[in-house]
Amino acid sequence: LPPSLGSLLPPFARTLLQLVTIFRLRMASVQQVENCLICEVPTTEIHLGINTCRACSVFYKRTISQNRILKCKEGNNKCISKDPRTTCRKCRFDRFTFVLTSCSEAKPIGEAHEVVTKEGNKTAVRKTAQHGIASTSFPAFLDHETSLLHYFAGSETPTLERMKRAYGVLCLMRKNGEMGTCSTQTFDQLQRGTIKFARETYTTAVPNARIMYTGLMNFYSSSFEDFRKLSRPDQRLLLYGNFDLLNKIDDLYRSVNHFPDDDTLMPNYTTIYSADRVDDFLIDCPQHVNKEEAAVEIIKNVNRNLVTNKAMFKRVQLTGEEFLAVLGLALWNDQTTTDDEKITDVVKKNRTLIMAELHKYYATGGRTNYADRLGEVLCLLVNMEEAATQHQEDEKVYLLMNMYNEYMPELGHYK
């Protein structure tokens, strides 16, 4: 925007505009050369899910296969700190192991992985069987920071990679947009960091959902060319029809990470809700709403639809790749009601694409027998579809209780 127009925007909107601009510039340069995380030489390659040159990757694999005891050249295990291109094999190997473990939070990909035992300044390397699913390039948890850290141009799952980047922008949009819907006091507390999340209230629920809806439209347009090519009515058909499902998947994915040990939920990016604080949610609802009846209904519905499914999310523990695959399958929902064969074909095509990349993710991670794991992930999605359908029925009851009637004209606009 021209400076004259940009100055008219409120502070949070100017911040959001700046973040989107930064993201566009970063996306324009995703092919840029990065330094090897081990020896710091320029490289465009990815090995074992991290930015590392071929020489370091070959060295690491060969060291594991040789099962040798390594000894630091200087005896202080600090060679690589002084010179990243050191010839000390032990320090180089230790650096690779540290980076690999820190970045993936999983065992290295392959038939086996190393266990490093230290005795003095020596390192013994031995092989053990691999367990679980090895992570590729994705962080353990995706948010507005981790999703934008790295871009892997050579990814074997390019759709999931695009989704990861686009999800980071979605999170940024929500984070900064929601700052404009909260009270001045809450805004100040969030800005200062005295609170990490604000309590969701009646008056912030729909405006924050509006931000999520708009963000999802951009998220899927960036992730899927087929969605971007659809007409606006067809885009709304898919997104609005599955909005409750998408919103609740994101809610539980994030709440399990931030609040794994209680029933706290995250209906929006910067807000939280818990049944024992339902009065906080209703504190600013209109006077014509019966708060006691509303509280009983909300607690009942939330416990039935979300708290029980949060327990399943906690048990399944979706990886970043699985979470994005679920978000993709939730949009390209084969239960979408339409008589348009073109939409049906596009949905089928993209579901097949996502499932193919999910299979690729499991196979690349060294897990050949992943049918049980895939079944868990798809079962979780089915449960969430049922919860979203039930929530739509609950919304009808809320309207009968005079809740959210003031937003009905606006909500109808999205249909």
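Residues numbered from 1 in each chain as written. Predicted model: local features only at pLDDT ≥ 70, side-chain atom pairs only at ≥ 80, totals over all residues. Heavy atoms only, no water.

If you check an unreviewed UniProt entry, the protein appears there as Nuclear receptor from Pristionchus entomophagus.

Draft legend 1. Focus on the overall build of the protein. Helix and strand counts for the protein come out as 17 helices and nine strands. Here the protein, with 415 residues, has 49% of them falling under the buried criterion. Total accessible area on the protein stands at roughly 20,900 Å², and carbon and sulfur atoms take up 52% of it. (Helix = DSSP H or I, 4+ residues; strand = E, 2+ residues; numbered from the N terminus. Buried < 20%, exposed > 50% of the residue type's maximum accessible area, 1.4 Å probe, protein only. Areas by Shrake-Rupley, 256 points an atom, 1.4 Å probe, with all protein chains shown as cover.)

Draft legend 2. Molecular detail of the packing of aromatic side chains. Under the criterion given, the structure shown has 17 aromatic pairs. Here the guanidinium or amino end of R92 rests over the ring plane of F59, the centre of that ring lying 4.4 Å away. (Phe/Tyr/Trp six-rings, centres within 6.5 Å; stacked < 30°, edge-to-face > 60°. Lys NZ or Arg CZ within 6 Å of the ring centre and 35° of its normal.)

Draft legend 3. The nonpolar core, seen in detail. One finds Y167, Y220, I249, L327, W332 and M403 to be the most contacted residues of the largest nonpolar core, which totals 76 residues. Among the elements that line this core, the one with the most residues is helix α8 (residues 202–223), at ten residues. Residues contacting M403, with those up to four places away along its chain left out, are Y202, L282, V289, A294, I298 and Y398. The next biggest cluster of nonpolar side chains, apart from the first, holds 18 residues, and it includes C36, C39, C56 and I80. (Core = buried A, V, L, I, M, F, W, Y, C linked by side-chain atoms within 4.5 Å. Contact = heavy atoms within 4.5 Å.)

Draft legend 4. A look at α8. For α8, which comprises 22 residues, the first-to-last C-alpha distance of 32 Å matches the rise-based estimate of 32 Å (1.5 Å per residue) to within 8%. Most of α8 sits inside the fold, with 17 of its 22 residues counted as buried. (Expected span 1.5 Å × (residues − 1).)

Draft legend 5. Representation of the environment of S81 in the model. With respect to the helices, strands and loops of the structure, S81 is situated in helix α4 (residues 79–82). For S81, a relative accessible area of 64% translates into the label exposed. Along the chain, S81 and C91 lie ten residues apart, while their C-alpha atoms are 8.7 Å from each other.

Draft legend 6. Region of the structure containing helix α11 (residues 243–258). With 16 residues, α11 extends 22 Å between its outermost C-alpha atoms, agreeing within 8% with the 22 Å of an ideal straight helix rising 1.5 Å per residue. The element α11 is largely enclosed, with a buried count of 14 among its 16 residues.

Draft legend 7. Here's a closer look at the pattern of salt bridges. Under the criterion given, the structure shown has 18 salt bridges. Between D250 and R174 there is a salt bridge; the shortest N-O distance is 2.7 Å. Of this pair, D250 sits in helix α11 while R174 sits in helix α6 (residues 158–178), placing them 76 residues apart in sequence. Each member of the pair D250 and R174 is classed as buried. One salt bridge in this structure joins K342 and D234, with 3.9 Å as the shortest N-O distance. One end of the pair, K342, is in helix α15 (residues 341–364); the other, D234, is in helix α10 (residues 232–241), with 108 residues separating them in the sequence. (Salt bridge = Lys/Arg side-chain N within 4 Å of Asp/Glu carboxyl O.)

Draft legend 8. Region of the structure containing the side chain of N350. Relative to the assigned elements, N350 resides in helix α15. Leaving out residues up to four positions away in the same chain, N350 has contacts with F224, D226 and W332.

Draft legend 9. Main features of the confidence of the model for the protein. Averaged over every residue, the pLDDT of the protein is 80; residues scoring 70 or more account for 76%. Confidence drops under a pLDDT of 50 for residues 25–32, and excluding neighbours within four residues, the segment shows seven contacts in the predicted structure. (pLDDT = per-residue confidence, 0-100.)

Draft legend 10. Quick look at the environment of I249. Of note, I249 is situated in helix α11. Counting along the chain gives 61 residues from I249 to K310, while the straight-line C-alpha distance between them is 9.5 Å. Every residue in contact with I249, bar those within four places of it in the chain, is listed here: F313, F323, V326, L327, A330, L381 and M384.

Draft legend 11. Looking closely at unusual backbone geometry. If you check the backbone angles, E40 has positive phi at about 70 degrees while not being a glycine. Relative to the assigned elements, E40 resides in the loop between β1 (34–35) and β2 (42–43). The backbone of Q317 shows a phi angle near 55 degrees, a positive value even though the residue is not glycine.

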